Amino acid sequence: MSTAYDVIVIGAGPAGYHAAIRAAQLGLNTAIVEKWLGKDNKPAYGGTCLNVGCIPSKALLEASHKFVEARDHFDEIGIRVKEVTADVPAIMARKDEVVGNLTKGVAGLLKTNGVSTYEGTAKLGAGRKITFTAHDGSSEELNAGSVIIATGSVPVEIPPCPLTDDLIVDSTGALEFQEVPDRLGVIGAGIIGLELGSVWNRLGSEVVLLEALEDFLPSADQQIAKEAAKQFKKQGMDVRLGTRVTSTEVKDGKVTVQYTDADGDKSEVFDKVIVAVGRRPYTEELLAADSGVTMDERGFVFVNDVCLTDAPGVYAVGDVVRGPMLAHKGMEEGIMVAERIAGQKPLVNYDLVPSVVYTHPEIAWVGKAEQTLKSEGVDYQVGSFPMAASGRAMANNDTDGVIKVIADKETDRILGIHIIGAQASEIIAEAVIAMEFGASAEDLGLTMFAHPTLSEALHEAALAVSGHAIHVANRKRKK
Ligand code: FAD
Ligand code: NAD
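Here's a quick rundown of the structure.

Rules used in this analysis
- Residues numbered from 1 in each chain as written.
- Chains lettered and ligands numbered in written order.
- Predicted model: local features only at pLDDT ≥ 70, side-chain atom pairs only at ≥ 80, totals over all residues.
- Heavy atoms only, no water.
- Pairing = 2+ DSSP bridges.
- Helix = DSSP H or I, 4+ residues; strand = E, 2+ residues; numbered from the N terminus.
- Axes fitted to C-alpha atoms, helices over the stretch in contact; angles between N-to-C directions.
- Contact = heavy atoms within 4.5 Å.
- Near = heavy atom within 4 Å.
- Polar contact = N/O pair within 3.5 Å; in protein donor to acceptor, adjacent residues only side chain to side chain.
- Areas by Shrake-Rupley, 256 points an atom, 1.4 Å probe, with all protein chains shown as cover.
- Nonpolar A, V, L, I, M, F, W, Y, C, P; charged D, E, K, R; others polar.

With respect to the sheet that holds strand β13 (residues 264-270)
Okay, step 1: Taken in spatial order, the 3 strands make up an open sheet running β11-β12-β13, and their pairing is antiparallel. The sheet terminates laterally at β11 (244-251) and β13, the two strands that pair on one side only. Taken over all neighbouring pairs, the strand axes of this sheet differ in orientation by 20° on average, direction set aside.
Okay, step 2: For strand β12 (residues 254-261) and β13, the ladder comprises 7 bridges, and the chain directions are antiparallel. Note that in β13 the partner of Asp-261 across the bridge is Gly-264.

Next up, the structure:
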């Protein structure tokens, strides 16, 4: 016997659960299949993002930031605290509670919207036939008018750094340390390396990041990346660029990492090592030989601009397809696909996917970086505003950073906005809205911002494009 649905979504991470809820909202008979088991071995929804990604990492970043504020900065604003200690098991327990509430919340949302849930593994065959195998081993056949693959990604493993139970770990293991390692090695100074490196650096680890590339944060605007490198150094994070890890050895509860850089062979001994060298699309056991779904040369499910695969009626969204591996990119794709199945014609604007690194200061950007515009030969003007000149940043005792607005020299249309500073993750939303509506720097300059806010720095940076910023000296431009 087989059960039929209008839409079956495989994977209930952010891309999949958004797709399923939107499809159900549009009146489609929808089911979702999810195989994740939480730490308690019970089915859990929300995928990487909620279980071992965005949410737990932000819970640890927030707790460790508050700890540093109390330990190092309360005194500067007249608050005396005697002894500040970090209770790591309590921090971890709160993080787990946040995760538990949110994953249960997604289960509730699926139910409220009338999405049928299947807890186990889906395998897709020809003609949108799905073999569902439940956690108890029983299986049944499901059929769908449309299928949405949203099976996500998993961490990349590299041969010189085989993972161990608790000494050499990936990002998931790094969210579970029960005590602060004295010396922490991080392989890869990308987003995960910087975020999780920051967590443990703040809680007291001596952190060394070994990064293969010569450039730091190459996809960020290079002026912002340079400022970030300066801030991380000030915080005690030791970022070593142009290094190649050749082997690791575990002995007496420590890890020796051998690596080479421009000066030759070197080694370091760490209490723990986090491997954070990227993620890869996850399609294991997903596709029967006759599914008709194809992969690109990097192992991503091949899709067109609107996320349709090579198999009729089969779509794929989120980390398992090309584009940045970001939760919000997958969410938008999930919604787009659900609406297209329902006969609507929305598109995702891939030019305006915001990026955020949740360190302190935070780093956020949308649109093009200055080095990209330069290489494309675009004529542009830049307006920037230092957070040190923001009244609110001063009142907050948090003045590191800068906001930079880049606009087309001829049309003044905003081409990119780049931020390093407190709450950059929130301010960037204003930048995305402005750019989504095709704003010029003048438009942003003519918009009223509440005072005193950190967002005013964005307003001032927009004014600075034409040399009209109020709270900094402007470069000479036309009146
Ligand atoms: P996933 O979230 O990976 O979900 C895929 C789901 O599919 C999983 O639940 C899996 O169990 C299920 N599945 C797979 N195969 C099958 C099958 N055959 N049958 C049934 N179910 C299956 N992104 C951000 O935008 N902001 C952040 O701050 C951020 N922080 C991160 C921090 C860390 C430490 C990590 C690791 C990632 C972070 N990310 C962040 C990335 C973000 O988590 C991913 O981009 C996002 O989760 C991808 O969503 P997805 O729905 O495509 O896939
Ligand atoms: P990443 O691609 O951001 O960084 C990986 C880094 O490891 C790169 O700088 C790369 O040059 C380096 N590297 C690769 N191989 C190496 C090697 N052998 N030795 C040393 N360095 C090496 O990937 P990530 O940090 O693992 O994150 C994975 C994905 O998760 C990313 O796509 C990211 O977008 C997403 N994520 C997003 C957020 C966020 O939005 N705030 C947070 C965490 C993760």
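Once the structure has been displayed, the description carries forward.
Notes on the sheet that holds strand β20 (residues 402-408)
Okay, step 1: Pairing is antiparallel across the open sheet formed by 5 strands, whose spatial order is β17-β18-β21-β20-β19. Edge positions in the sheet fall to β17 (355-357) and β19 (380-386), since each of these pairs with one other strand and no more. Sheet twist, expressed as the average angle between the axes of neighbouring strands with direction ignored, equals 10°.
Okay, step 2: Across 7 bridges, the pairing between β19 and β20 is antiparallel. Within β20, the residue paired with Gln-381 across the bridge is Ala-407.
Okay, step 3: Packed onto the sheet, helix α11 (residues 424-436) meets β17, β18 (362-367), β20 and β21 (414-421) and runs at close to 10° relative to β18.

As for the site of ligand 2
Okay, step 1: Near ligand 2 lie 19 residues; those nearest to it are Ile-192, Glu-195, Glu-211, Gly-278 and Val-356.
Okay, step 2: Glu-211 places a polar side-chain atom, nitrogen or oxygen, 2.6 Å from an oxygen atom of ligand 2.
Okay, step 3: A distance of 3.2 Å is found between a nitrogen atom of ligand 2 and a backbone nitrogen or oxygen belonging to Ala-212.
Okay, step 4: Expressed as a share of its isolated accessible area of 840 Å², the protein-covered part of ligand 2 is 75%.
Okay, step 5: Considered class by class, the residues forming the shell around ligand 2 number 13 nonpolar, 3 polar and 3 charged.

The values are spatial; any link to function lies outside them.
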